[in-house]
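Letter by letter, the chains look like this.
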Amino acid sequence: MTKITVRASRAYDVCIGKGLLSHAGALAAAVLSPCRVLILTDDHVAPLYADVLAASLRAAGFVPEIYTVPHGETSKSLSALGTLLEHLAEHHYTRADALFALGGGVVGDLGGFCASVYLRGIPFVQIPTTLLACVDSSVGGKTAINLDAGKNMAGAFYQPHLVICDPDTLSTLPPEVLADGCAEIVKYAVIGDKELFSMLQRGVCPADERIITRCVQSKRDIVERDEQDTGVRRLLNLGHTIAHAAEMLSDFEISHGKAVAMGTVTIMRAAVAHGLCPKDDLAALIALTQQLGLPTECPYSTPEIAAAALSDKKRSKNTLTLVLPYGIGACQLCDLPADKLQAFLEAR
Ligand SMILES: NC(=O)c1ccc[n+]([C@@H]2O[C@H](COP(=O)([O-])OP(=O)(O)OC[C@H]3O[C@@H](n4cnc5c(N)ncnc54)[C@H](O)[C@@H]3O)[C@@H](O)[C@H]2O)c1
Ligand SMILES: [Zn+2]
C-alpha cells in the first residue's frame, strides 16, 4: 500500500493499493471512532462493491447503511442533495457519524458537498472507483452539485478525512469510462511530469498503481500550495476552458474526459502556432492521445467554442486565465482579455 498525506486545511491520507476495499474498515478505524456510516453509491457500483465495503466496515465496528442514487451527472442535483440530506436527518445521523462516497466523481462530488453541509459538516471518506476519481476528483476537497445555470455552481471546499483507492475496482470499468480518466492523467503529465508522459508512451497501464500514485502526488503538491484555487491550482484547468465549452455545446453528450483530451490538444496547437511550444511536443501529445483511445479534434468551430467559453457563468472578469503549454511537462498561467480568445485559438 502507498500512503500519501495531503496537508491541506485538514491533513488526511490517500491510501492506494490493490485489494484495499476489503480493508476499508480497518483503514477507517484508524481515523474514525466506530459510528454509523452512510455509504453513498450509484446503481452501477452498488451491486459490484457496496457489500464488500459494508462487510469490511461492520467487521471494524461500524454500522453501515447503503444509499444508492441513479448513475450519471443528473444525480449531482439540488433535488438529489435534498433527498439525501432529509434521509440523514430522518435517520438521526449525528456529527459523530460519517458519510462514505463509493463511486466515481459524481457520488464523490455529491457526497462531499452533502457531508460539508449536513449539521455544518460530518466526517467524509472518499472511495473512488473510476480512474478519473482516483487520480483527480477524490483528492483536493472540491465538492459540488450542478444548478440549472451551470455545472458545479453550488459547492464547497471540504477535504475528506481519508481516501481509499483500490485499483482492483477499476477492472469493471467500461473502456470509455477508463479512457475519460486517461485524459486527466495526460493533463498531469503535460502540466509538469515528463516521466509520466513517457510511462504512458511506453504502454504502462493507466490504471497501474504507479501511475495513480504519481497523479495523486502531483495533485497533493498543487493543493497544498493553493487549496482555494486562486493561484497555482488553476494549472489543473489545462484544456478545461475548451473542454467545458465542448461539454456545454454537446449538452453533455461529450464526456468530461473526452472534452479534456480535445481541449488539451487544441490549446497546445494554439501554443505551437504562437511559437510558444515545440511542434514535436504537439505531435507526441496527439499520438499519445490517440493511443489512449481519446479524440484530438473538437467537433465545434473556434467561434462556437469561444462564445461558449465566454458565456461560462463562473467567469467573473473580462479576463480569462489560460493554462499554456510551453512543452510536455512545462505549463504556465497566462491572462488573456476575453475578447482575444477566439483570435488566440484561431492562429495557425
Ligand atoms: N471534485 C473534483 O475535483 C472533480 C474533478 C474532476 C471531475 N469532477 C466531476 O466528476 C464527475 C465525473 O466523474 P466520473 O468520470 O468518475 O463519472 P461518474 O461518477 O459518472 O462515473 C462514470 C460511470 O462509471 C460507473 N462506474 C463507476 N465506477 C465503476 C466501476 N468500478 N465499475 C463499473 N462502472 C463504474 C458509474 O456508475 C458511471 O456510470 C463530473 O461530475 C465532474 O464534474 C470533479
Ligand atoms: Zn477535469
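Residues numbered from 1 in each chain as written. Chains lettered and ligands numbered in written order. Predicted model: local features only at pLDDT ≥ 70, side-chain atom pairs only at ≥ 80, totals over all residues.

Caption draft 1: Fine view of the pairing of strand E5 (residues 98-103). Of all 6 residues in E5, 6 are buried; the element is thus mostly enclosed. Of the pairings in the sheet, the one linking strand E3 (residues 36-42) to E5 comprises 5 bridges and is parallel in character. If you follow Ile39 over to E5, its bridge partner there is Phe100. Pairing of E5 with strand E6 (residues 124-128), which is carried by 5 bridges, proceeds in the parallel orientation. Bridge assignment links Phe100 to a residue of E6, and that residue is Val125. (Buried ≥ 20, exposed ≤ 12 C-beta atoms within 10 Å, placed from the backbone. Helix = DSSP H or I, 4+ residues; strand = E, 2+ residues; numbered from the N terminus. Pairing = 2+ DSSP bridges.)

Caption draft 2: How the structure looks around the site of ligand 1. Near ligand 1 you find 28 residues, and of these His44, Gly104, Gly105, Thr130 and Ser137 are the closest. Taken together, the elements giving at least two residues each to the shell around ligand 1 come down to helix H4 (105-117), helix H5 (131-137) and helix H6 (175-192). Top element by residues in the shell around ligand 1 is H5. It accounts for 4 residues. Two domains each put at least three residues into the shell around ligand 1: domain 1 (2-172) and domain 2 (175-346). (Near = placed C-beta within 6 Å. Domains from an automatic or database assignment.)

Caption draft 3: View of the domain arrangement of the protein chain. Each domain of the protein chain was delimited in the assignment, giving domain 1 (2-172) and domain 2 (175-346). Measuring from the centre of the C-alpha atoms in domain 1 to the corresponding centre in domain 2 gives 26 Å. With 27 residues of domain 1 at the interface, the matching set in domain 2 holds 25 residues. Secondary-structure elements contributing two or more residues to the side of domain 1 that touches domain 2 are strand E1 (2-7), strand E2 (11-16), H5 and strand E8 (150-157). In terms of residue count, H5 provides more of the side of domain 1 that touches domain 2 than any other element does, 5 residues in total. Tallied by class, residues from the side of domain 1 that touches domain 2 come to 16 nonpolar, 7 polar and 4 charged. (Contact = placed C-beta atoms within 7 Å. Nonpolar A, V, L, I, M, F, W, Y, C, P; charged D, E, K, R; others polar.)

Caption draft 4: Here's a closer look at the sheet that holds E5. One open sheet holds the 7 strands; their spatial order is E1-E2-E9-E6-E5-E3-E4, and the pairing between them is mixed. Each edge of the sheet is formed by a strand with only one pairing partner; in this case those strands are E1 and strand E4 (63-69). The sheet shows a mean angle of 20 degrees between the axes of neighbouring strands, taken without regard to direction. Each of E3, E4, E5 and E6 touches H4; the most contacted strand, E5, lies at about 170 degrees to it. (Axes fitted to C-alpha atoms, helices over the stretch in contact; angles between N-to-C directions.)

Caption draft 5: Region of the structure containing the packing of H6 against helix H10 (residues 256-273). With their axes 7 Å apart at the nearest point, H6 and H10 run at an angle of 35 degrees to one another. Of the two possible hands of crossing, H6 and H10 adopt the one that is left-handed. Contact residues: Ala179, Asp180, Gly181, Ala183, Glu184, Val186, Lys187 and Val190 in H6; His256, Gly257, Lys258, Val260, Ala261 and Thr264 in H10. Considering only residue class, the contact of H6 with H10 consists of 6 nonpolar, 4 polar and 4 charged. (Left-handed = near helix turned anticlockwise from the far one by under 90°.)

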